[in-house]
Amino acid sequence: FSLNLAADCNAVFKALQPIFQEQGMTETVHNWEDHGYLVTYIKKNGSFANLRIHPHGLVLVDLQSYNDDIRGREEVDQLLNKVEERMKESFHGNIKRVKRLPAILRGGVIDRYWPTADGRLVEYDIDEVVYDEDSPFQNIKILHSKQFGNILILSGDVNLAESDLAYTQAIMGSGKEDYTGKEVLILGGGDGGILYEIVKLKPKMVTMVASNIDQMVIDGCKKHMRKTCGDVLDNLKGECYQVLIEDCIPVLKRYAKEGRMFDYVINDLTAVPISTSPEEDSTWEFLRLILDLSMKVLKQDGKYFTQGNCVNLTDALTLYEEQLSRLYCPVEFSKETVCVPSYMELWVFYTIWKKQTGI
């Protein structure tokens, strides 16, 4: 409750006290002269409520209950309804805003809460744990969402959902490129989405190489993310593609030494780091190494596609763009912002190409 005027802490406390006492809850009152009241109410079954009354006019009620059945949720709603009715009766002319948040379910078998890239907490409509395994490199989860389908989550980071064709299309150039007869290198992409979409476009050859040797990601996705990857992960070699379960850095170095060149390099390894200290952060160092090696295997008229990060992380994106001026060869870039459904935020994608010098 947000009040228009400063709160009479004692008046609020006295108005709400009977509601909790009717529930047979034990009361403990903390009263600070300049900082209002904190009142805790504890029920015999372990449920409890915190009533925090701030003198400047903010009244907070936090109710926690172990009950997760329908009856338990109904009891919580009934109690909060009574609190809201009593506040409106007692302070109807002084209430500016009433805000009730949905219940947060803690410690459940199914974890529905995942942070966005810019640190906001999102509750997903997860109703099933489809896959949950630890590889030598990371935790791999595939969770089912009612609206987004199966979602791949790697070490707590939402990677891709079956709903996220917009991500795949954006990191391939948003339908503006002709992949027919072209040589394509995909870095990462273990969910198989990029590979599946490019193979449809009749390239000469697509080589996909993982960031590390994590066969378990591919195994999980080919079984549980088939709306994303189709059948391309069923075999590591196809008519116009091959999947290498190797560390991408030695592969890139080998290709550069051999003089092998690609029309397109698509980096789906990692997002732009959030850290604002690129000189000290190992992820930035890895990102710069990948960029330099990729430019060495990119044809002079080729294009390099990659994800950036969410549009709100402007400092991190600016730092990334500054790194582009430090590569071994001069480059130019463009970017676009795309809404990725399961991310629930706008995401920035980059197109980078070698700067043409001379005529």
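Here is what the cut-offs are and how they apply
- Residues numbered from 1 in each chain as written.
- Predicted model: local features only at pLDDT ≥ 70, side-chain atom pairs only at ≥ 80, totals over all residues.
- Heavy atoms only, no water.
- Pairing = 2+ DSSP bridges.
- Helix = DSSP H or I, 4+ residues; strand = E, 2+ residues; numbered from the N terminus.
- Axes fitted to C-alpha atoms, helices over the stretch in contact; angles between N-to-C directions.
- Contact = heavy atoms within 4.5 Å.
- UniProt positions renumbered as here; feature names shortened; annotations may be inferred.
- Polar contact = N/O pair within 3.5 Å; in protein donor to acceptor, adjacent residues only side chain to side chain.
- Core = buried A, V, L, I, M, F, W, Y, C linked by side-chain atoms within 4.5 Å.
- Buried < 20%, exposed > 50% of the residue type's maximum accessible area, 1.4 Å probe, protein only.
- Disulfide = S-S within 2.5 Å.
- Parallel < 35°, antiparallel > 145°, perpendicular 65-115°, else oblique.
- Left-handed = near helix turned anticlockwise from the far one by under 90°.
- Nonpolar A, V, L, I, M, F, W, Y, C, P; charged D, E, K, R; others polar.
- Domains from an automatic or database assignment.

Draft legend 1. Expanded view of the sheet that holds strand S18 (residues 331-340). Read from one edge of the open sheet, 7 strands run S15-S14-S13-S16-S17-S19-S18, paired in mixed fashion. Where the open sheet ends on each side, the last strands, each with one partner, are strand S15 (241-244) and S18. For this sheet, the mean angle separating the axes of adjacent strands, direction not counted, is 15 degrees. Packing of helix H8 (residues 282-297) onto the sheet brings it into contact with strand S13 (183-188), strand S16 (262-268), strand S17 (298-310), S18 and strand S19 (345-354), and relative to S17 it is tilted by some 155 degrees.

Draft legend 2. Examining the UniProt feature "active site" (unreviewed entry) in the protein chain more closely. As recorded in UniProt, the feature "active site" (unreviewed entry) lies at Asp268. Structurally, aspartate 268 is set in strand S16. A polar side-chain atom of aspartate 268 sits 2.4 Å from a polar atom in the side chain of tyrosine 167.

Draft legend 3. Structural view of the nonpolar core. One finds Leu185, Leu187, Ile198, Ile266, Tyr304, Tyr320 and Ile352 to be the most contacted residues of the largest nonpolar core, which totals 82 residues. The leading source of residues in this core is H8, at 7 residues.

Draft legend 4. Just the state of the cysteines, in detail. Under the counting rule described, the total for this entry stands at 0 disulfides. Left without a disulfide partner, cysteine 221 is nearest to the cysteine sulfur of cysteine 229, which lies 6.5 Å away.

Draft legend 5. Structural view of the packing of H8 against helix H9 (residues 314-323). Remark: H8 packs on H9, axes separated minimally by 11 Å, with the N-to-C direction vectors making an angle of 40 degrees. As summarised for this structure, H8 and H9 are arranged oblique, according to the angle between their axes. As H8 packs across H9, the resulting crossing turns out to be right-handed. For the pair formed by H8 and H9, the contact residues are Trp284, Leu287, Arg288 and Leu291 on the first element and Ala316, Leu319, Tyr320 and Gln323 on the second. The residue inventory of the contact of H8 with H9, partitioned by class, reads 6 nonpolar, 1 polar and 1 charged.

Draft legend 6. Highlighting the domain arrangement of the protein chain. Under the domain assignment, the protein chain is made up of domain 1 (2-97) and domain 2 (162-354). The C-alpha-based centres of domain 1 and domain 2 are spaced at 52 Å.

Draft legend 7. Expanded view of the side chain of glutamine 242. Counting through the fold element by element, glutamine 242 comes out in strand S15. Polar side-chain contacts of glutamine 242 include one of 3.2 Å to the side chain of threonine 207. Non-local contacts of glutamine 242, meaning those with residues more than four positions away in its chain, are made with Met205, Val206, Thr207, Met208, Leu236, Lys237, Tyr255 and Arg260.

Draft legend 8. Representation of the sheet that holds strand S12 (residues 157-161) in the model. In space, the 4 strands of this open sheet follow the order S9-S10-S11-S12, with antiparallel pairing throughout. This sheet does not close on itself; its edge strands, each paired only once, are strand S9 (126-134) and S12. Direction aside, neighbouring strands of the sheet carry axes that sit 25 degrees apart on average. In terms of strand pairing, S9 meets strand S10 (residues 139-145) through 7 bridges, oriented antiparallel. Looking at S10, one finds that tyrosine 131 is bridged to isoleucine 142. Its contacts with the sheet put helix H5 (residues 215-224) on S9, S10 and strand S11 (149-154), and the angle it makes with S9 is roughly 150 degrees.

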